[in-house]
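Structural description and commentary
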Amino acid sequence: MKKTNRMLGIAAGLVFAAATSTGMSAGAYCIKEVKAPEGYTEIKESTGYMQIDGDTQSFFLKENEDGTADAVKYEFFKHNYTVLEIPNDNVSVFDEIYEKYAEKLNMSEILRTKDCIDFSSPAQNKYMEVVMFDFFTVDGKNLKDASAGENKYELIKEMIDELYSADSLIKAEYKGSVADSVTGRYDGNTNITTDDSVSQEEIDNILSGMCGKSVDSWHNEKTGTIRYTYEITLSRLSELKETVTSEYPEASVIPRLVFEADTTIVESGNVNMLDPYICDIDENGNADISDASQILKNYSENAAGIQKESVGNKMDVNGDGAVNIDDASYVLRYYAESSTNLR
């Protein structure tokens, strides 16, 4: 089962290395790596007890004082991840405009969900959600590094401009890179499975001084094998496997590292691609300081009870239902980023 989006760096405790502190801007969405959360260590290569593909996964472990460990794994990276909402009545307009860009965009996937309902609106208007993204693959591997493929932000922005001008766009968000996240835990127990001719005493003897005696065993008569369970700290697992397999090459050593069934979608950040339009309060074609000043002027007059003109919903640029200093700050942040070519 998949849960809804969370921001890497906030809820998930991680940030993509190139992400900015104020959200993701156009100059910061090509991720190189995922940073480890506090207390965790990244496992970049396969170990004696775990298979890791550093090109396609980011894997982190945190060993606890009691010998157990917590794990976080990120995989199935998708890039140029874009979400659009198109009014139901304008789907044909979207199709016409998208057709112009389809070949140049060449997205790996484009998913459409029709007749979505906006329950936040009293009219409960219907719209079509469009989700499009890329997989950057080499030899069939879904690479996590976004710089392995083409950055299509500018091309997507060009298409967004046409859609907005045609009044065929409700929402447009660019998330850069998105991944599936799953958490797991090593409970401190490792299973050693051997031919059933190998006794528990023999295994206990070769592991003497490394861990205690087997805490559990299970004989599989059908396969002619027996499984012994040992309590051992994560840091000594590689040593344990080397010791066992050097004596019994056919033995398997598998730590009880169990991952949750639920998957959480995490993202590198979020760019509202409608910012150039919603931040242009005076509609002169530019979102700049004058737009922020207009918001502050109307806000201060309203607060003082001398409002001369109504403050429309257009000034609620951050969409929180109120018009205040936060909206002016939102405009100024966009202006600063666009002025320095970050947007």
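Note: the structure precedes this text.
A brief structural summary. (Residues numbered from 1 in each chain as written. Predicted model: local features only at pLDDT ≥ 70, side-chain atom pairs only at ≥ 80, totals over all residues. Heavy atoms only, no water.)

A short note on the overall build of the chain
For the chain, the helix and strand inventory stands at seven helices and 14 strands. A burial count over the chain gives 43% of its 343 residues as buried. Accessible area of the chain: about 17,900 Å², with a carbon and sulfur share of 46%. (Helix = DSSP H or I, 4+ residues; strand = E, 2+ residues; numbered from the N terminus. Buried < 20%, exposed > 50% of the residue type's maximum accessible area, 1.4 Å probe, protein only. Areas by Shrake-Rupley, 256 points an atom, 1.4 Å probe, with all protein chains shown as cover.)

Quick word on the packing of aromatic side chains
All told, the structure shown has seven aromatic pairs when counted by the stated rule. Plain terms: the ring middles of Phe60 and Tyr74 are 6.4 Å apart, the flat faces sit at 75 degrees to each other, and that makes the pair edge-to-face. Within this pair, whereas Phe60 is found in strand β3 (residues 58–63), its partner Tyr74 is found in strand β4 (residues 69–87), the two being separated by 14 residues in sequence. In this pair, the class of Phe60 matches that of Tyr74, namely buried. When the centroid spacing of 5.4 Å and the interplanar angle of 80 degrees are considered together, the rings of Phe133 and Phe135 count as edge-to-face. Residue classification places Phe133 among the buried residues on the basis of a relative accessible area of 7%. Given a relative accessible area of 31%, Phe135 falls into the partly exposed group. Grouping aromatic residues by their ring pairs yields a cluster made of Tyr81, Phe133 and Phe135. A cation over an aromatic ring shows up here: Lys73 above the ring of Phe259, its NZ or CZ 4.3 Å from the ring centre. We note Arg333 situated over the ring of Tyr330; from NZ or CZ to the ring centre the distance is 5.8 Å. (Phe/Tyr/Trp six-rings, centres within 6.5 Å; stacked < 30°, edge-to-face > 60°. Lys NZ or Arg CZ within 6 Å of the ring centre and 35° of its normal.)

Some details on the pairing of β4
Where burial is concerned, most of β4 is hidden: 18 out of the 19 residues are buried. Taken together, the six bridges between β3 and β4 define a ladder with antiparallel strand orientation. Bridge assignment links Ser58 to a residue of β4, and that residue is Tyr74. Between β3 and β4, which pair antiparallel one after the other, the connecting turn spans five residues, and Gly67 there sits at a positive phi close to 90 degrees. (Pairing = 2+ DSSP bridges.)

Details of the pattern of salt bridges
Here the structure, examined in full by the defined rule, presents 16 salt bridges. A salt bridge links Lys78 to Asp180; the shortest N-O distance between them is 3.8 Å. Of this pair, Lys78 sits in strand β4 while Asp180 sits in strand β9 (residues 171–195), placing them 102 residues apart in sequence. You can call Lys78 buried: its relative accessible area is 11%. Note on Asp180: relative accessible area 7%, which makes it buried. Here Arg236 makes a salt bridge to Glu239, at a shortest N to O gap of 3.1 Å. One salt-bridge network, in which partners are shared between bridges, spans Glu85, Lys171, Glu173, Lys175 and Glu267. (Salt bridge = Lys/Arg side-chain N within 4 Å of Asp/Glu carboxyl O.)

A closer look at the environment of Lys213
Mapping Lys213 onto the fold places it in the loop between α3 (200–206) and β10 (216–220). Lys213 sits 17 residues away from Tyr230 along the chain, and the two C-alpha atoms are 6.7 Å apart.

Some points on the nonpolar core
Counting 26 residues, the largest nonpolar core has Phe59, Ile192, Ile203, Leu207 and Leu240 as the members making the most contacts within it. Secondary-structure elements contributing two or more residues to this core are β3, β4, β9, β11 (225–231), α4 (237–247) and β12 (252–259). Phe59 has contacts with Thr41, Glu42, Ile43, Met50, Ile52, Ala71, Val72, Lys73, Leu257 and Phe259, leaving out every residue within four places of it along the chain. In terms of nonpolar packing, the next biggest core, distinct from the first, is built from 25 residues, Met132, Leu169, Tyr174 and Leu274 among them. (Core = buried A, V, L, I, M, F, W, Y, C linked by side-chain atoms within 4.5 Å. Contact = heavy atoms within 4.5 Å.)

A few points about helix α2 (residues 153–165)
Here α2 contains 13 residues, and its C-alpha end-to-end distance of 18 Å stays within 8% of the 18 Å for a straight helix at 1.5 Å per residue. Turning to α2, its buried residues number three or more, namely Tyr153, Leu155, Ile156, Met159, Ile160 and Leu163. The arc enclosing the buried residues of α2, seen along the axis, measures out at 160 degrees, which places them on a common side. Buried residues belonging to α2 abut β4, α1 (91–105), β6 (126–134), β9, β14 (271–272) and α5 (275–278). Backbone geometry just after α2 places Asp167 at a positive phi near 55 degrees. (Expected span 1.5 Å × (residues − 1). Arc of directions from axis to C-beta.)

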